Amino acid sequence: MTDASSTPALPVTIHRGDYRPPEWQIPDIALDFELGIEATRVTAALSVVRAAAAPAPLLLRGDGLTPSAVRVDGAVWNDWRLEGSDLIVDLGDRQAATVEVDAVIDPSANTQLMGLYASNGMLCTQCEAEGFRRIAFHPDRPDVLSRYRVRMAGDKAAFPILLSNGNIIESGEGEGGTHWALWEDPWPKPSYLFALVAGDLVVNRDRFTTMSGRAVELGIWVRAGDLDRTHHAMTALKHSMKWDEEVYGREYDLDRFNIVAVSDFNMGAMENKGLNIFNTRYILADPDTATDADYDGVEGVVAHEYFHNWSGNRVTCRDWFQLSLKEGFTVYRDQSFSAAMGSAPVKRIEDVRVLRAAQFPEDAGPLAHPIRPDSYQEISNFYTATVYNKGAEVIRMMATLLGPERFRKGTDLYFARHDGEAATCEDFVRAMEEGGDIDLSQFRRWYEQAGTPKLHLALAQEGEDWFLDVTQTVPPTPGQDDKAPMMMPLRLAAFAMDGSGAALPDTLATLTDVVQRIPLGRFTARPALSVNRGFSAPVIVDYERAPGELAWLAAHDDDPFARYEALQQLMLDTLVAAVSGEAKGREAVIGAVAQTLTGAADDPAFVAEAVLLPSEAFIGDQMVTVDPDAIRRERLALQAAIGAALEREWRAILAQAAPPATDLTPAAKGRRRLRGVALAYLAASGKGDVPGLAFAIFSNADGMTERQAALATLAHGDSDERAHALDIFYQRYRDNPLVLDKWFQVQAWSQRADTVAAVAELARHADFTLANPNRVRALYGAFAGNQAAFHQADGAGYRLLADLVIALDPRNPQTAARMIPPLGRWKRFDEARQALMKAELERILAQPGLSRDVTEQASKSLM
Ligand code: ARG
Ligand code: ZN
């Protein structure tokens, strides 16, 4: 529980410009743990060395710790005091000393899952960003790097496995059924990369031989019973290690690489040096319990955390404002890896969909911030889609501007120059400039300016010479009223729609100015423009095109991403028009979907992505004032029309046998995905036999992809089959937490009119718990993403989410704060909804003893 007395009335704002180098360095740390679920004794011995010229006391951060003793160079020391929760040790004019502090912590009471906590009978840690200070007094800033020696002792029966970073040096038996282990990590690291795990775990072991021939012992540690579900993660790990050698020349640097899966985890996973700790969700997968999307999630996150070993660990961040230095780059690296493992165009479509669903709204709302923020109150609130996903787009743009060879020169220079250092975003850009021989002065604005740039496009003609006129604007965001134009790569092509005449092949233009003219070449008639191909820049393109031109591009563009975009734009235009009562483009949409089904029949994964209607939220993003009910109505109507018009095609797709669930090739995954889309369209058409058909697919499914798709389709309706399938699913998987999450999730996603009440009811279900972040996200995260339900006109959805935030905050402020952004979008809605949303934010803020996390998000959301 949050101790109200330790919560400052007004959270302090930390500014990037206030950075000062540390006054003390700590080359070595020895930690000694006597482990217990309710009481763990920690002795931290820090060998400190003065870095500042003038004597300064040693400032050690603490959070919820009480020092039981302080020693300096082995002798009891009394020259210390507590300032708030921090420990100040006065070392006089010493240049160096060994400072030892003892403290006792209670992992079982640690419900915020930061620091050392108990999960499912095991002990584990999460230290990024500022959790280490909940384990030991320490500067706990990423520019203080140390070599760690960790001794841990505990009851052998309770904790048969003892793991920490690096290599195991020694182990042995102690008194009274205890045992101990001594681990040493030779690589200096910041405190946020420290990790410790103790528990009853089983291991999937494997080996990897690095490019220079060193053998690495790999281990994935899970609870007994889960071992069979670790094979995909292990394969992903080995593929990642190989890929990083081949593509970036990065080799692993320890004798062991361990991954531990825990079921209670605030985020996806954590890249602790040599000992990654994962949410079980991103490790465990088998065909019976995991969907193809889950498999892809495991592969992507395993890769992400592994890649951090270089982009994050060997080169770390100077301060937390630089978070995108490691996260943006590492997301770019995991995206490239997944693209190489499967279909690159489909991966790009998925990544752009995530960017538009999560990052564009953030960039357009009250919590907008640059990928390198200028200030924060609680750093946990800045693990955002902006820092991660827009950060990755910024790296991708540099890679595009430089081309693969020069980009590799840039990254080689970056790793060589900053190995072992705590670096800045500026260091990265400079390495790109020097390695890639390019001037990125203007490009740096991507690190400074928030907001999604908008490109307004118009075609111009001089005789038969055609031009594209691009006008760039960057919208104002909180604290940034005036924006300067950004430098960005814009890939484009132009086609003569009648097939005659000239075409402008794929071209890379570099935008730098507010207004810029790009020559397209000679065309006898207005060309079809293929623009921002591959989504070369993370921008909104504002370009009006007739349905016929979009349909032509959807069929003929030679860039698959651009074909997808053209069809999406066609659908979007049709839906936005329909919401404002104007019927247009429906026939063109149906025609283009039909064309895509036959024209790209050999690439079902692409077809499935391309024929999917834009999400309700994305439709709302195109409108001045979001009308959730009209969007739901019109989207369902278009879905029904496509479902009915192409009924034969959807039935034909479903009539073919599904590939076996054990077949995880991209082709098999694509076929299953398309079957799910076909079923959804057919269901939307309202044909009477669909519930029976969906139930048959549900019952006969040999794997979770088909089973979940059928269940989700049924969950929208009110057939008897719905209730029956939900019941079967629950009975079958009630003991598997990750699958039970899906049961909560599909109901929270439902398009039924009673979803708000259903979610409230599910929150009272015996299997619902606030203690597990995955369960909270499965129910409330899914619900907040269900636009029409969450924005129900009477405000019941808002009240439900605010109730959750209030109930969860004392227990887990980090996860509670992540639920606030949906309420912060109030400016986008009508006045009645605005008032209801603001009232809930105010009700949250009025709670006594509110955490810094929730206070920051809620108060900024009201501005
Ligand atoms: N560095 C981790 C990752 O992206 C994220 C950890 C963030 N955790 C937190 N509690 N803020 O892979
Ligand atoms: Zn990361």
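Residues numbered from 1 in each chain as written. Chains lettered and ligands numbered in written order. Predicted model: local features only at pLDDT ≥ 70, side-chain atom pairs only at ≥ 80, totals over all residues.

- As annotated in an unreviewed UniProt entry, the protein chain carries the name Aminopeptidase N and comes from Sphingopyxis panaciterrulae.
- In its Sequence similarities (unreviewed entry) section, UniProt records this for the protein chain: "Belongs to the peptidase M1 family."
- A UniProt comment under Catalytic activity (unreviewed entry) is attached to the protein chain, and it reads "Release of an N-terminal amino acid, Xaa-|-Yaa- from a peptide, amide or arylamide. Xaa is preferably Ala, but may be most amino acids including Pro (slow action). When a terminal hydrophobic residue is followed by a prolyl residue, the two may be released as an intact Xaa-Pro dipeptide." (UniProt positions renumbered as here; feature names shortened; annotations may be inferred.)

## Description of the overall build of the protein chain
At step 1: Summing up its helical and strand segments, the protein chain has 27 helices and 31 strands in all.
At step 2: Computed over the C-alpha atoms, the radius of gyration of the protein chain is 28 Å, within 12% of the 29 Å expected from 2.2 N^0.38 for a compact globule of 863 residues.
At step 3: Referenced to the eigenvectors of the C-alpha coordinate spread, the extents of the protein chain come out at roughly 85 × 60 × 60 Å.
At step 4: Split into buried and exposed, the 863 residues of the protein chain put 52% on the buried side.
At step 5: Restricting the contact set of the protein chain to residue pairs at least 6 apart, pairs at least 24 apart contribute 69%. (Helix = DSSP H or I, 4+ residues; strand = E, 2+ residues; numbered from the N terminus. Rg over C-alpha atoms; globule rule 2.2 N^0.38 Å. Buried ≥ 20, exposed ≤ 12 C-beta atoms within 10 Å, placed from the backbone. Contact = placed C-beta atoms within 7 Å.)

## Quick notes on the nonpolar core
A general feature of soluble globular proteins is that nonpolar side chains tend to end up buried together.
At step 1: Judged by nonpolar contacts, the single largest core of 248 residues is most densely connected at Val197, Val260, Ile277, Ile283, Leu570, Leu801 and Val805.
At step 2: Considering every element that reaches this core, the biggest residue donor is helix H5 (residues 385–418), with 13 residues.
At step 3: Dropping the residues within four chain positions of it, isoleucine 277 is found in contact with Cys124, Gln126, Ala195, Val197, Val260, Val262, Ala269, Met270 and Asn272. (Core = buried A, V, L, I, M, F, W, Y, C linked by C-beta atoms within 7 Å.)

## A few points about the site of ligand 1
At step 1: The full set close to ligand 1 counts 14 residues, and Glu128, Asn266, Met267, Ser380 and Tyr383 are the nearest of them.
At step 2: Sorting the residues of the shell around ligand 1 by element identifies strand E20 (269–270) and helix H2 (292–307) as the ones contributing at least two each. (Near = placed C-beta within 6 Å.)

## A few points about the pairing of strand E7 (residues 80–83)
At step 1: Where E7 lies against strand E8 (residues 86–89), four bridges are found, and the strand directions are antiparallel. Of the residues in E8, the one forming a bridge with tryptophan 80 is valine 89.
At step 2: Adjacent in sequence and paired antiparallel, E7 and E8 are bridged by two residues, among which glycine 84 carries a positive phi angle near 65°. (Pairing = 2+ DSSP bridges.)

## A few points about the UniProt feature "domain: Peptidase M1 membrane alanine aminopeptidase" (unreviewed entry) in the protein chain
At step 1: Per the UniProt record, "domain: Peptidase M1 membrane alanine aminopeptidase" (unreviewed entry) is annotated on residues 233–445.
At step 2: Counting secondary structure, residues 233–445 comes out at 55% helix and 9% strand; the distance between its end C-alpha atoms is 38 Å.

## Description of the UniProt feature "domain: Peptidase M1 alanyl aminopeptidase Ig-like fold" (unreviewed entry) in the protein chain
At step 1: Per the UniProt record, the feature "domain: Peptidase M1 alanyl aminopeptidase Ig-like fold" (unreviewed entry) sits at residues 451–543.
At step 2: Regarding residues 451–543, the helix share stands at 0% and the strand share at 53%, and the terminal C-alpha atoms are separated by 19 Å.

## Concerning the sheet that holds E7
At step 1: With respect to topology, three strands assemble into an open sheet ordered E4-E8-E7, the strand pairing being antiparallel. In this open sheet, the two strands that pair with only one neighbour each are strand E4 (58–60) and E7. For this sheet the average axis-to-axis angle between neighbouring strands, irrespective of direction, equals 25°.
At step 2: Here E4 runs beside E8; their pairing, made up of three bridges, is antiparallel. Counterpart to leucine 58 in the pairing with E8 is valine 89. (Axes fitted to C-alpha atoms, helices over the stretch in contact; angles between N-to-C directions.)

## Observations concerning the environment of histidine 716
At step 1: Mapped onto the elements of the fold, histidine 716 is located in the loop between helix H17 (704–715) and helix H18 (720–733).
At step 2: Residue histidine 716 is classed as partly exposed on the basis of its C-beta count, with 19 C-beta atoms lying within 10 Å.
At step 3: A C-alpha to C-alpha distance of 5.0 Å links histidine 716 and glutamine 751, two positions 35 residues apart in sequence.
At step 4: Excluding residues within four positions of it along the chain, histidine 716 makes contact with Ala683, Ser750, Gln751 and Arg752.

## Details of the packing of helix H19 (residues 737–748) against helix H21 (residues 773–784)
At step 1: It is at 7 Å that the axes of H19 and H21 come closest, and there the two elements cross at 10°. Relative to H21, the element H19 lies roughly parallel. Here H19 contributes Asp741, Phe744, Gln745 and Ala748 to the contact with H21, which in turn contributes Asn774, Arg775, Ala778, Leu779, Ala782 and Phe783.
At step 2: When the residues that make up the contact of H19 with H21 are grouped by side-chain class, the tally is six nonpolar, two polar and two charged. (Parallel < 35°, antiparallel > 145°, perpendicular 65-115°, else oblique. Nonpolar A, V, L, I, M, F, W, Y, C, P; charged D, E, K, R; others polar.)

## Some words on unusual backbone geometry
At step 1: Note the cis peptide between glutamate 128 and alanine 129, where omega equals 0°.
At step 2: With respect to the element layout, alanine 129 can be found in the loop between strand E11 (122–126) and strand E12 (146–155).
At step 3: Positive phi is not limited to glycine here, since asparagine 120 has a value of about 60°.
At step 4: With respect to the helices and strands, asparagine 120 occurs in the loop between strand E10 (115–119) and E11.
At step 5: Despite not being glycine, aspartate 437 shows a phi value in the positive range, around 50°.
At step 6: Mapped onto the elements of the fold, aspartate 437 is located in the loop between helix H6 (425–436) and helix H7 (445–448).

## A short note on the pairing of strand E26 (residues 465–473)
At step 1: Side chains of E26 alternate between two faces, with Trp466, Leu468, Val470 and Gln472 buried and Asp465, Phe467, Asp469, Thr471 and Thr473 left unburied.
At step 2: Sheet topology note: the strand E25 (residues 454–462)/E26 ladder contains nine bridges and is antiparallel. If you follow alanine 458 over to E26, its bridge partner there is aspartate 469.
At step 3: Between E25 and E26, which pair antiparallel one after the other, the connecting turn spans two residues, and glycine 463 there sits at a positive phi close to 65°.
At step 4: Bridge count for E26 against strand E29 (residues 515–522) is seven bridges, and the pairing is antiparallel. Counterpart to tryptophan 466 in the pairing with E29 is glycine 521.

## Details of the packing of helix H23 (residues 796–808) against helix H26 (residues 831–845)
At step 1: Relative orientation of the contacting elements H23 and H26 amounts to 15°, with a least axis distance of 10 Å. Put simply, H23 runs roughly parallel to H26. For the element pair H23 and H26, the recorded crossing hand is right-handed. Contacts from Tyr798, Arg799, Ala802, Val805 and Ile806 in H23 reach Leu836, Met837, Glu840, Arg843 and Ile844 in H26.
At step 2: When the residues that make up the contact of H23 with H26 are grouped by side-chain class, the tally is seven nonpolar, no polar and three charged. (Left-handed = near helix turned anticlockwise from the far one by under 90°.)

## Side note on helix H20 (residues 755–762)
At step 1: Of the residues making up H20, those classed as buried are Thr755, Val756 and Val759. The arc that holds every buried residue of H20, seen down its axis, measures 105°, which confines them to one face.
At step 2: Contacts from the buried residues of H20 go to H19, H21, helix H22 (787–790) and H23. (Arc of directions from axis to C-beta.)

## What about the confidence of the model for the protein chain?
At step 1: Averaged over every residue, the pLDDT of the protein chain is 97; the share at 70 or more is 99%.
At step 2: This stretch, residues 1–8, has a pLDDT under 50; its non-local contacts, to residues over four places away or in other chains, come to twelve contacts.
At step 3: Per the prediction output, this complex has pTM 0.98; the corresponding ipTM is 0.98. (pLDDT = per-residue confidence, 0-100.)

## Things to note about the sheet that holds E11
At step 1: Ordered in space as E10-E11-E16-E13, the four strands form an open sheet in which the pairing is antiparallel. Here the strands that pair on one side only, and so sit at the sheet edges, are E10 and strand E13 (161–164). Neighbouring strand axes in the sheet, compared pairwise and without regard to direction, differ in orientation by 20° on average.
At step 2: Relative to strand E16 (residues 196–199), E13 is paired through four bridges, and the arrangement is antiparallel. If you follow leucine 162 over to E16, its bridge partner there is alanine 198.

## A closer look at the environment of histidine 418
At step 1: Tracing the sequence through the fold places histidine 418 in helix H5.
At step 2: On the basis of neighbour counts, which here come to 18 C-beta atoms within 10 Å, the residue histidine 418 falls in the partly exposed class.
At step 3: Taking the C-alpha atoms as reference points, histidine 418 and arginine 314, separated by 104 residues in sequence, lie 8.2 Å from one another.
At step 4: Discounting residues that sit within four places of it in the chain, histidine 418 has contacts with Val315, Ala423 and Asp427.

## A word on helix H8 (residues 547–556)
Side chains three or four residues apart in an α-helix point the same way, a direct result of the helix having 3.6 residues per turn.
At step 1: Listed in full, the buried residues belonging to H8 are Glu549, Leu550, Ala551, Leu553 and Ala554.
At step 2: Where H8 is buried, its residues meet strand E30 (528–531), helix H9 (560–579) and helix H10 (586–599).

## Considering the environment of valine 677
At step 1: Here valine 677 is to be found in helix H15 (residues 666–684).
At step 2: Once the C-alpha coordinates of valine 677 and glycine 451 are considered, the two residues, 226 residues apart in sequence, prove to be 33 Å apart.
At step 3: In contact with valine 677, other than residues within four places in its own chain, are Ala608, Val611 and Leu612.

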